[in-house]
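# Residue-level structure breakdown
Each chain, written out:
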Amino acid sequence: MHWWLPLKGSTFAGEIDGLFLAILIITGIAFVIVEAGLLWFVVKYRGRPGRKAYYTHGSTRAEVIWTAIPAVTMVALGLISNHYWVKIKGRNSVPPNAYPIAIHAKQFEWQVTYPGPDGQLGTADDFEVRNQLHVPVGRPVVVHLTSEDVIHSFFVPVFRVKQDAVPGMNINVWFQATVPGTYELGCAELCGLGHYRMRAQVFVHTQEEFDAWMKQAAKGGATS
Amino acid sequence: MAHATATVDMMHPPAPAERGLDVYNNKLGMWVFLASEVMFFTALIGSYIILRFGAPGPWAPPAKVLNVPVTAFNTFLLICSSVTMVKAYAAVADGETHFLRFRPFSGGLKFWMLATIIGGAMFVGVQAYEYTHLVHHGFLPSGAREGSEVAELVASGVVPAATIGLYGSTFYTMTGFHGFHVTCGVISMTYLYVTKALRGKYSRHDYRGVEVIGLYWHFVDLVWIILFTIVYLI
Amino acid sequence: MTTVAATSHVAHAHHDDRSFLRKYIFSTDHKIIGIQFLFVSLFFLLVGGLLAMQMRWQLGFPGKPMPGGGILPDTMAPGGVLLPEYYIQLVTMHGTFMVFFAIMPLLVGVYANFLIPLKIGAHDMAFPRINMASFWSALLAGLIMLAGFFVPDGAPRAGWTSYAPLSARPDLSGASYGQMLWCVSLVFLGLSSILGSLNYITTIINNRAPGMTWFRMPLSVWSLFITAILGLLALPVLSGAVIMLLFDQTIGTHFFDPVAGGQALLWQHLFWFFGHPEVYILILPAMGMVSDIISNGSRKPIFGYHSMVFAIVAIAFLGWIVWGHHMFMSGMNPTLGSSFMVSTLIIAVPSAIKTFNWMGTMWRGNLRFHVPMLNAVAFVAMFVIGGLSGIYMAATPVDMFIHDTYFIVAHLHYVLFGGSLFALFGAITYWYPKMFGKLMSEPWGKVHFWLTFVFYNLVFFPMHTLGMAGHMRRIYDPTQYDFLKPYQPLNEFISISAFALFAVQAIFALNFILSLKWGKKAPQNPWEDNGLEWSLPAPAPHGNWETVPTVYRGPYEFSSPQVPEDYLPQYRKLPTDREPARTPVAGH
């Protein structure tokens, strides 16, 4: 059991984890100030007979300070987050050379369609594999995400990527894996009684392995 | 002058109080309630707009599916009932609580309120007729019934097949809930008419019920004008 | 004219010859209605808690027969082992009951009803009969919801958010009647809230006691007022949405059905357009009551009263433009995501103002740690954690990872349990004497507080860790995933802590019930507070006051140099006080 975030398995995992850490520091400071302050006040100003509290209705200066500091921090955080957001999920964020894969989610499986040897979706050599996502390492992959029935959510924790699959919509989500290995893909949106077992394996291959797998799978060896 | 004094009496708070809005509770309550009604219809109409603009094809031309002239008449009817509502309010504010007086000829609260009730009831009646008619021709909340006239229109391409389902869904939901509101209005007004107006409980010193139901009535009328425009005309 | 009206009202204020039925069941008295809401929503809180315990059993000990689970029918738990379809019913109903039938009525139904007239100096609500209708409508809604468990196919299974199309089609969710009952129930609940809200708003605007100006109102009343506005405008949107959903389920409309051109995301937009104001409905009244209690416990005026009011207004306003932050991963246009992120982050500002002002109130105070104060301070401490953890998911890139994980579960429970429920434990203890004329036991209250505080944190804090591991929400069996298997001991730990947390609530329940009969008789003003309600005997009589008191100052004049005591009630006239200008009843 880790006490920290899982393996960074994609190019933007580091950025997301960095942002997480930054927020942890900001909120950590606020947390310590408030909780320590509360504790201190609780001890220091505990009631004693014969004493009266300090009669004041507030201080505009203090309030301006603790309005301004969070405001500035939040706006800054918003700007930084937005920078990464646009980079990771923005409309034009998908790299042009991304390798296309189509994933059709349905109760309760992931139907993964590969473009076949020609690298193009929608051609005759496409083939489909259930519950196995094979991707090459070090190359951007764009997933065309659709759903058959209800809303599912494509979630690969090591890639830090999540995107709902919505019936009636075709949503593109991209990532670039960085560490070869076998990982898991889960459904993150309640999709019915089999939600908990809507699981797939994710294989991140080196390019050679991927090519070899592709050649074999295209022949029909790996179909479901 | 008489008018102003009457208002003063009505707004009188039951106990000494800090100054609030200078509006008596029932009226304020109705305004607040109508704010929530606005949000309700906003949800329905907003959904209609989103669905229509995001629809997978063109929207059916209203005149091909609906009977626009009949509903135009119905709209006229409802607007008339708003006019009679205003007359009822004006009558009671001037203390004219009679039914009809002939020399000189004038209608009082009892007459104009009854006219409003009849107008509203007729509106609901015409709407019920319209629904029966539409269902008979195969236009349902789920779209076109198989083998019906409307289904033939869909098959011939006059009415787009991709959106007829949404068309039915939004049409019946929006107009249905409006009709429900009119029905509630008619029932409430009948209740007030029987228990208050006919028993002479309204005077120019207290006509809160008339004013409050009037607010509701005009609101429902206004909603209809919006609905008629977006559902039947555009 | 004024006097005449006043006397006529007084005439029946203390002559209480109503029958038992009129007095306690079909009562139009705002205090009785508040108490009715209290009993009913505490019952639903218990139901919600029992559902949570079953979920925690399954998560901690997946596939093992639940102790006592044998009494459940085979369609739920054959041999005591929970079925996945039953588990998602538990998920759905726990959320639904806690949000709509426990926390919301506890805060609004109970305290808006009980406190508003007492604190602003009114004889009753503006529309007592509408108020009664509001209660009965809420009770009916709760019973309809509960009935879901007993219809064929059982309770709804689409989560408390009921995302379409799952919720719209029985063939996809497996729940048919239960899902319809969910919709019908919420229509009645919406009606109840709207009727309640219009009452609260009208009463606060028009029926304040002389001298009770807007900025002399306690923050509890301010927050309930703003909450009522939120409820008034948000609930009808929910009503509209659930009616469309109900039509999709029953008469074949296609609002949320993508196959026929409907839009799945439309449901989410409607639901969260209601849902985010709803989130503030669930916390603002708690903030208001905590403000009252902290000022009292600190024996010091609230720090920055005006900015506290404006912060409530700001939170409520911003609450309308942040709904999209529930939908960052939904496929909504990412540019919208950017704007929703910014508006969401800005909400941190008024929340920070409130937190620091509560601390400012305690600063240089003379703190009295009565049970309400302990709970109120815990509210601040826990709300801060819930508020800060919200920043993680507001930042869209981070949300991409933690969305729909246990991090969210931790966050929302820190706000709703750590926040609202601690505030409620405080509020119940605080106003109990005014409701029932008895005091709850102080030592048992403290025992309950400390045990709850400890176990509560043991349950919910580790959930952050689960979320950081990527543990998805609403999954029946986490051991299905290899990457979650190592976290099973943590899940087990959380479950055991949750059972302990649930068990110690028995102390509160017993304290509450037994004090009704054996509690110490309450003095008129047990907490030495300034509010108008403490000018009344305990319990407060029907009609409240014979003549409403006159208000001379704000509600937080603790430790004022004007008097030797450390409190100065709003209704106490000092020689230097002038009578408020009697409003001449104005014409137009």
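Residues numbered from 1 in each chain as written. Chains lettered and ligands numbered in written order. Predicted model: local features only at pLDDT ≥ 70, side-chain atom pairs only at ≥ 80, totals over all residues. Heavy atoms only, no water.

### Details of the nonpolar core
The nonpolar side chains of a soluble globular protein tend to be buried, and buried together. Phe 154 of chain A together with Phe 379 of chain C are the most contacted members of the largest nonpolar core, which has 353 residues in total. Of the residues forming this core, the biggest block, 25 residues, is contributed by helix α4 (residues 84–120) of chain C. Those residues in contact with Phe 154 of chain A that lie beyond four places of it in its chain are Ile 103, Trp 110, Leu 133, Val 143, Leu 145, Val 161, Lys 162, Gln 163, Val 173, Phe 175, Leu 185 and Gly 186 of chain A. (Core = buried A, V, L, I, M, F, W, Y, C linked by side-chain atoms within 4.5 Å. Buried < 20%, exposed > 50% of the residue type's maximum accessible area, 1.4 Å probe, protein only. Helix = DSSP H or I, 4+ residues; strand = E, 2+ residues; numbered from the N terminus. Contact = heavy atoms within 4.5 Å.)

### A word on unusual backbone geometry
In this model, Arg 103 of chain B is joined to Pro 104 of chain B through a cis peptide bond whose omega is 0°. Its place among the elements puts Pro 104 of chain B in the loop between β1 (100–102) and β2 (105–107). Although it is not a glycine, Asn 131 of chain A adopts a positive phi angle of roughly 60°. Inspection of the secondary structure puts Asn 131 of chain A in the loop between β3 (127–130) and β4 (132–136). One non-glycine residue with positive phi stands out, namely Asp 153 of chain C, at about 75°. Position of Asp 153 of chain C relative to the elements: it lies in the loop between α5 (128–147) and α6 (170–173).

### Focus: a nonpolar patch on the surface
There is a patch of nonpolar side chains on the surface, built from Trp 4, Leu 21, Leu 24, Ile 25, Ile 29 and Ile 33 of chain A and spanning about 530 Å² of accessible area. Mapped onto the elements of the fold, Leu 21 of chain A is located in helix α1 (residues 13–44). (Patch = residues over 30% accessible without salt bridge, like charges linked within 9 Å, V, L, I, M, F, W, Y side chains within 5 Å. Areas by Shrake-Rupley, 256 points an atom, 1.4 Å probe, with all protein chains shown as cover. Salt bridge = Lys/Arg side-chain N within 4 Å of Asp/Glu carboxyl O.)

### Quick look at the environment of Val 384 of chain C
Here Val 384 of chain C lies in helix α13 (residues 371–394). Considered as a pair, Val 384 of chain C and Thr 355 of chain C are 29 residues apart in the sequence and their alpha carbons are 7.4 Å apart. The contacts of Val 384 of chain C, once residues within four sequence positions are left out, are Val 34 and Glu 35 of chain A together with Thr 355 of chain C.

### Remarks on a positive patch on the surface
Residues Lys 196, Arg 199 and Lys 201 of chain B together with Arg 22 and Arg 129 of chain C make up a contiguous surface patch of positive charge. By secondary structure assignment, the location of Lys 201 of chain B is in the loop between α7 (164–197) and α8 (208–233). (Lys, Arg positive; Asp, Glu negative; His and termini not counted. Charge placed at Lys NZ, Arg CZ, Asp CG, Glu CD.)

### Some details on the sheet that holds strand β6 (residues 152–156) of chain A
All names here are of chain A. A sheet is described by the order of its strands in space; here five strands give the open sequence β4-β10-β9-β6-β7, paired in mixed fashion. The open sheet terminates on both sides in strands that have one partner only, identified here as β4 and β7 (161–165). The mean inter-strand angle of the sheet, taken between neighbouring strand axes irrespective of direction, is 20°. The sheet contacts of helix α3 (residues 207–218) involve β4 and β10 (199–205), and relative to β4 the element is tilted by about 135°. (Pairing = 2+ DSSP bridges. Axes fitted to C-alpha atoms, helices over the stretch in contact; angles between N-to-C directions.)

### Here we look at the pairing of β4 of chain A
All names here are of chain A. Extensive coverage of β4 is indicated by the burial of four of its five residues. Inspection of the sheet shows β4 paired to β10 by five bridges, in the parallel sense. Bridged to Val 135 within β10 is Val 204.

### Details of the pattern of salt bridges
Under the criterion given, the structure shown has 22 salt bridges over all chains. For Asp 17 of chain A, the salt bridge goes to Arg 160 of chain A, with nearest N and O atoms at 2.7 Å. You can see Asp 17 of chain A sitting in helix α1 and its partner Arg 160 of chain A sitting in the loop between β6 and β7, a full 143 residues away along the chain. On the basis of relative accessible area, Arg 160 of chain A is assigned to the buried category, the value being 0%. Here the salt bridges do not stand alone but share partners, grouping Glu 184 and Arg 199 of chain A together with Asp 482 and Lys 485 of chain C into one network.

### Section: the interface of chain C and chain A
Many structure descriptions define interface size as the accessible area lost when the parts assemble. Taken together, the contact pairs 95 residues of chain C with 82 residues of chain A. Of the roughly 7900 Å² buried at the junction of chain C and chain A (both faces included), carbon and sulfur atoms supply 71%. Inspection of the region where chain C meets chain A yields one salt bridge. Residues Asp 482 of chain C and Arg 199 of chain A are paired through a salt bridge, measuring 3.3 Å at the closest nitrogen-oxygen approach. (Buried area = accessible area lost by both parts, 1.4 Å probe.)

### Quick look at the side chain of His 152 of chain A
Its place among the elements puts His 152 of chain A in strand β6. Those residues in contact with His 152 of chain A that lie beyond four places of it in its chain are Ala 105, Lys 106, Gln 107, Trp 110, Ser 147, Gln 163, Asp 164, Ala 165, Cys 187, Glu 189, Cys 191 and Met 198 of chain A.

### Describing helix α12 (residues 334–362) of chain C
Residues and elements named next belong to chain C. Taking 1.5 Å per residue as the helical rise, α12 with its 29 residues ought to reach 42 Å, and the 43 Å between its terminal C-alpha atoms agrees with that figure. Burial runs high along α12: 23 of the 29 residues are buried. Following α12 by one or two positions, Arg 364 adopts a phi angle in the positive range, close to 60°. (Expected span 1.5 Å × (residues − 1).)

### Observations regarding α13 of chain C
With 24 residues, α13 of chain C should cover 34 Å at 1.5 Å per step; its first-to-last C-alpha distance of 34 Å lies within 8% of that length. Burial analysis of α13 of chain C places 23 of its 24 residues in the buried class, the great majority of the element.

### Quick look at the side chain of Asn 25 of chain B
Relative to the helices and strands, Asn 25 of chain B is located in helix α2 (residues 25–53). Judged by its relative accessible area of 16%, Asn 25 of chain B falls in the buried class. Those residues in contact with Asn 25 of chain B, other than ones at most four positions away along the chain, are Ala 126, Phe 127, Thr 202, Asn 206 and Asn 207 of chain C.

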